[in-house]
Amino acid sequence: MFAIESAEQGGLWIATDRGLYRLAFNGLRSFVYNSFLDSKYITFINEQNGNGYLGTSRGAYFFNERGIERLAMGSALAESHISFILPVENKLFVATQNNGLFYRNDKRVWRQLDVSNGLPYGPILSLYFDDVLQHLWVSTSKGVYRMPIKQFEENANSLQVEQVISPYNKQLDGKTSQCCSGYALGAIASLDSSLWYPSKSGLVEIPTNIRLFSESDIRPIIETVTADNSGEQHVYPVPEMDTLTLKTQERNLTLGYTAINYQSASNIDFRYRLVGLDGTWREANNSREANYANLPAGKFVFELQAKRPAQDWSSADTISQTLIIPKAFDETVVFRLIVVMSFILALYIVFLFYRTQERRKQEELERLVETRTQALISANEQLNKANDRLKLVSHSDELTGLRSRRRFLFDQLPKDIEHFQSNRESLEIQGKCMALLILNLDKFSHVNDVFGSFAGDNCLQQIASMLTEQVLGADYVVRWSGDEFLILLRDMQKGAVHQFARSISHQLAEREFVMPDGRKTKLTGSVGWAFYPLPLLGGQIISWETSIKIADIALQKAKAKNPGSVAYFSFSENIDAFEFEDSERIASQLEMLLETEQVKLHISEI
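A short tour of the structure in this document, coming up. (Residues numbered from 1 in each chain as written. Predicted model: local features only at pLDDT ≥ 70, side-chain atom pairs only at ≥ 80, totals over all residues. Heavy atoms only, no water.)

## Brief notes about the nonpolar core
Working step 1: Membership of the largest hydrophobic core comes to 41 residues, with the highest contact counts inside it found for Phe 93, Leu 101, Leu 127, Leu 136, Met 147 and Phe 152.
Working step 2: Dropping the residues within four chain positions of it, Met 147 is found in contact with Leu 101, Leu 119, Gln 134, His 135, Leu 136, Val 138, Phe 152, Leu 159, Gln 160 and Val 161.
Working step 3: Leu 427, Ala 554, Ala 558 and Ala 577 belong to the second largest nonpolar core, which has 36 residues in total. (Core = buried A, V, L, I, M, F, W, Y, C linked by side-chain atoms within 4.5 Å. Buried < 20%, exposed > 50% of the residue type's maximum accessible area, 1.4 Å probe, protein only. Contact = heavy atoms within 4.5 Å.)

## Details of helix α6 (residues 497-510)
Working step 1: Its 14 residues place the ends of α6 20 Å apart at the C-alpha level, agreeing with the 20 Å of an ideal helix rising 1.5 Å per residue.
Working step 2: Turning to α6, its buried residues number three or more, namely Val 497, His 498, Phe 500, Ala 501, Ile 504, Ser 505 and Leu 508. Down the axis of α6, the smallest arc covering the buried residues is 165°, so these residues share one side. (Helix = DSSP H or I, 4+ residues; strand = E, 2+ residues; numbered from the N terminus. Expected span 1.5 Å × (residues − 1). Arc of directions from axis to C-beta.)

## Here's the deal with unusual backbone geometry
Working step 1: In the segment running from Tyr 532 into Pro 533, the intervening peptide bond is cis, with an omega of -5°.
Working step 2: Position of Pro 533 among the secondary structure elements: in the loop between β35 (525-532) and α7 (544-561).
Working step 3: At Glu 89, a residue that is not glycine, the phi angle is positive and equals roughly 55°.
Working step 4: Residue placement: Glu 89 occurs in the loop between β9 (82-88) and β10 (91-96).
Working step 5: With phi around 55°, Gln 134 is a residue other than glycine that occupies positive phi space.
Working step 6: Looking at Gln 134, the relative accessible area reads 34%, which means it is partly exposed.

## Observations concerning the pairing of strand β13 (residues 124-130)
Working step 1: A large share of β13 lies buried, amounting to six of its seven residues.
Working step 2: Connecting the antiparallel pair β13 and strand β14 (residues 135-140) is a turn made up of four residues, with Gln 134 showing a positive phi of about 55°. (Pairing = 2+ DSSP bridges.)

## A short note on the packing of helix α5 (residues 453-470) against α6
Working step 1: Where α5 contacts α6, the axes come no closer than 11 Å and their chain directions differ by 145°. Pair α5 / α6 crosses with right-handed handedness. In this structure, α5 uses Ile 463, Met 466, Leu 467 and Gln 470 to contact α6, whose residues at the interface are Phe 500, Ile 504, Gln 507 and Leu 508. (Axes fitted to C-alpha atoms, helices over the stretch in contact; angles between N-to-C directions. Left-handed = near helix turned anticlockwise from the far one by under 90°.)

This is the structure we're talking about:
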C-alpha cells in the first residue's frame, strides 16, 4: 500500500500497486474506474468536495460521480510517475518523480517546469501551498525549497526558487535521499504555522515564515578600469572617483567587477551596459570583465547589475561609473568645418572646369536632338501600334483590371478544374466545393443614359473593386461581359455558397455609387449560381460549361421574378447526369424536371 485516505462517501481509500480500493462497512470494493487506468500502480489519492485526484506510475487523473478524466492527455505528464497533486484556487500543480513539475493555469493551459526553468535537480515528493505568505513549498529527496506563487501567473521561464533545506544540512547527516521520503499526503503535514517532513533521521520542522540567509541583495562592485593606449596599459582604481576622465587616445577599456555572495561565490549572474553606446543589457555569463574597443569620444555611464540565478533582474542592485573620453582635434567641430570648406572649394573648381566643357558640347547636342527627335517620333508611332496589338490579346480586362473572359475560359479555369479533380475526395470530406456565380446588373443602361458612358465605366470599376474585396485569396472575379461578372469560388463550404451570393447582392444594393461629377446613384444586381461538378449521379462527367449554363438560367429566372434576387437549382438525388448531356437542351430539360418536381428553383429576395 502506498496511501490511505478518507473517502467522502464513507470508509477509506487504499492505494496499492494493483489498483485503488475503498474499504467501507460492506467490505473492500475495487474502484469503479480501475479498468480505465493505464497503470494499476496507485501513488496518490485525494478527494475533496466531490472531486478527486488520482496519481499513478503512468499519469494523473481527475474523477467525480460523473466519470474519470486523464490530465494533460498527449503530454509528458501522461507518461510520468506521479508523486503529488495540489489544486490551488483555479490552478493545478502535479509533481512527478521523473519529469519535474507540471502546472495548469486558470486558462487550463499546461506547462512543464524542470531544471531548465530553475528547479533544483531531483524527484519531487510533496507540494504544499501557504495561503498566508503565498508560497508553494516543494520537497525532494535532496531537500526542501519554496517559490512565490505569483510568478506562476506570469508564465515565467526562469523561476525564483529559495532553497530552505539542502542535502548538506547537518540534521540530515549531509547525505542525499534522506529527506522527505513519505508517500502521497503522508509526505507533508502542516501544524501551527510549521511544515513537518519525514526523513530517515526523524521528523523535520520548518516554520513557514522562516527568513533565509540568501534573501539579502547581492551588491555588485566595480574594481578597476584598465585603459589600453597603443599597447601601454593604465589601470585606474575604482571607486576613488565618481567621474573618471581618461586620456584622449585611451579608447580600449576593460572594466573588472565582482560581487560578494557568502552562500555560493560562483553562483551569481551579472549583466552590464555602457549607456551612450549599448542599447540593451549584455549578459556576462561566467566572465568578470567588460571589454570595449575603439570607443568614440564622449561621456558614458557604465552600469552593472548582479543577482542570484532565481532572482528577477527588476529587483537586482545596480551600481554605475561615469567615464569621459576627451575629443581629439580631428573629432572637433573646427576640424570638421575645415574639411567641409575644403571639399566645397574643390567641388567649385571642378564645377567651373566642367561648365566650360559643357558649353562646347551644347551646340553639338542641339544638332543631335533635332535628328533624334524625328527618329523618336517614328519609333513611338510603331510602339503605339504594337501596344494596340498587345491589348487585343491581353488577358486582363482593360477597364476593370479583372481577369478577362478569354483568360478565364482558355487559361485559368482548366487549371482550377484539374486542381479540384486531383483533390476532390479531400475537399468533399471537408464539405468544400467549387461554385460558379454570375452577377448581372439590373437596368444598368439607365446609368449610361442618365450620367453618360464615362460614369457607367466608373461604376463598373467601383463594382469590380467591391467584388475583389469580398472574395477570399483562393477565389477571383472575372469580367464576363459588359455589365456581367463571374465569381469562381474554389474553396468554400457548400452550405455557405448561397449566403455568400446573397451577401454580394445585398452589399451591391446598399452601396451608393458616386459619379465623377459628384452625383450619386444606387444599383441592384441579380445572381445565379451552380456547383461544379453538379450534385448528380455521375456528375463529374458533365463539363463546366453545363454548370455555367445552369447558373445563367438561374440568373435569368431571378431577374424575371424580382431583379436584385439570388437563385439556384437543387436536384433530386436520383437524377442522372446524362439528363444534361446535351448542352443544347439544358433549358428545356430543366423546365421538364421542374414540372415533375425533380428539380427545384430557389429564389431569395434581398
